[in-house]
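Chain and residue survey
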Amino acid sequence: MLYTDVQKQEHIEEILSLLYQISLRDSRIPIVLPGKDYSDEAALAVRAYQQEYGLPVTGEIDNHTWNSITDTYHNLIDAAEPLIVFPAGAFLLQERDSGELVKLVQVLLNLAAAHYGNLEPVTVNGIYDADSAAAVRKLQAVSSLPETGMLDRKTWNQLATLINSLSIGI
């Protein structure tokens, strides 16, 4: 099977996304925004990564560089602190609930929606309204969770995992 241009662009975007996350935590690596094209800026960031992580400095993404970038990324994600603010016990957020926790959930839903096109943004108003429930149902659907529209611990954990994977410094 041939390696298509579309596949090549997807792979470039994938590895540059990982390198972007690494560069947010390692100031030795220039920040390069993910894209489908391997730009001069991308090559510069790859060379800096290779130099700092003990790889041959070529500016090209060979198997060793690919594996090193993915390993470094996963080590950073595994070391991330969990976002623990959900109340203990069998707590649920559901329609007509309100308060600061609802507002936090709405902000996090919007952060996730800004980075994942299959999630829905909501109005941040501190009221768990029909739009908030719909956004939670969408999150549950893409996460293979029961689509209740209520935010329970499993749904919260999935949302927190998405936010932690973004590494946006909230």
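Report on the accompanying structure. The model shown is predicted, which means the values in this text are computed figures rather than measured ones.

Of the regular secondary structure elements, the chain holds six helices and zero strands. Shown N-terminal to C-terminal, the secondary structure of the chain runs as helices and strands in the order α-α-α-α-α-α. Taken across its 170 residues, the chain has 35% of its residues classed as buried. In the chain, once contacts between residues fewer than 6 apart in sequence are set aside, the share between residues at least 24 apart is 46%. Split by element, the accessible area of the chain, about 10,000 Å² in all, is 52% carbon and sulfur.

What follows concerns the environment of Leu-33. Looking at where Leu-33 falls in the secondary structure, it is placed in the loop between helix H1 (5–25) and helix H2 (40–52). For Leu-33, a relative accessible area of 62% gives the class exposed.

Turning our attention to the pattern of salt bridges. Here the idea is simple: oppositely charged side chains can pair when their charged atoms come close. Counted under the stated rule, the structure contains two salt bridges. Note that Asp-26 is salt-bridged to Arg-28, the shortest N-O span being 2.8 Å. Judged by its relative accessible area of 10%, Asp-26 falls in the buried class. Under the relative-accessibility criterion, Arg-28 is labelled partly exposed at 44%. With a shortest N-O distance of 3.0 Å, Glu-52 and Arg-28 are connected by a salt bridge. Taken together, the positions of Glu-52 in helix H2 and Arg-28 in the loop between H1 and H2 put the pair 24 residues apart, joining distant regions of the chain. A relative accessible area of 33% means that Glu-52 is categorised as partly exposed.

A separate point is unusual backbone geometry. Despite not being glycine, Arg-96 has its phi angle at roughly 85°, a positive value. By secondary structure assignment, the location of Arg-96 is in the loop between helix H3 (63–78) and helix H4 (100–115). The backbone of Ser-144 shows a phi angle near 60°, a positive value even though the residue is not glycine. Taking relative accessible area as the criterion, Ser-144 reaches 69% and is therefore assigned exposed.

Glancing now at helix H5 (residues 130–142). Each α-helix winds once per 3.6 residues, and so residues spaced three or four apart point in a common direction. Under the 1.5 Å per step criterion, the end-to-end length of H5 is 18 Å for 13 residues, consistent within 8% with the ideal 18 Å. Every buried residue of H5 is listed here: Ser-132, Ala-133, Ala-135, Val-136, Leu-139 and Gln-140. All buried residues of H5 lie within an arc of 160° about the axis, which places them on one face of the element. Turning to H5, the residues buried within the fold contact H4 and helix H6 (153–166). After H5 finishes, the residue Ser-144 shows a positive phi value of roughly 60°.

Take the nonpolar core next. Counting residues in hydrophobic clusters, the biggest one holds 22 residues, and the most contacted among them are Leu-93, Val-105, Leu-109, Tyr-128, Leu-151, Trp-156 and Leu-159. Residue assignment for this core shows that the elements contributing at least two residues are H4, H5 and H6. Ignoring sequence-local partners within four residues, the contact set of Tyr-128 consists of Leu-93, Gln-94, Glu-95, Arg-96, Asp-97, Val-102, Gln-106, Ala-133, Val-136, Gly-149, Met-150 and Leu-151.

About the criteria used
Residues numbered from 1 in each chain as written. Predicted model: local features only at pLDDT ≥ 70, side-chain atom pairs only at ≥ 80, totals over all residues. Heavy atoms only, no water. Helix = DSSP H or I, 4+ residues; strand = E, 2+ residues; numbered from the N terminus. Buried < 20%, exposed > 50% of the residue type's maximum accessible area, 1.4 Å probe, protein only. Contact = heavy atoms within 4.5 Å. Areas by Shrake-Rupley, 256 points an atom, 1.4 Å probe, with all protein chains shown as cover. Salt bridge = Lys/Arg side-chain N within 4 Å of Asp/Glu carboxyl O. Expected span 1.5 Å × (residues − 1). Arc of directions from axis to C-beta. Core = buried A, V, L, I, M, F, W, Y, C linked by side-chain atoms within 4.5 Å.

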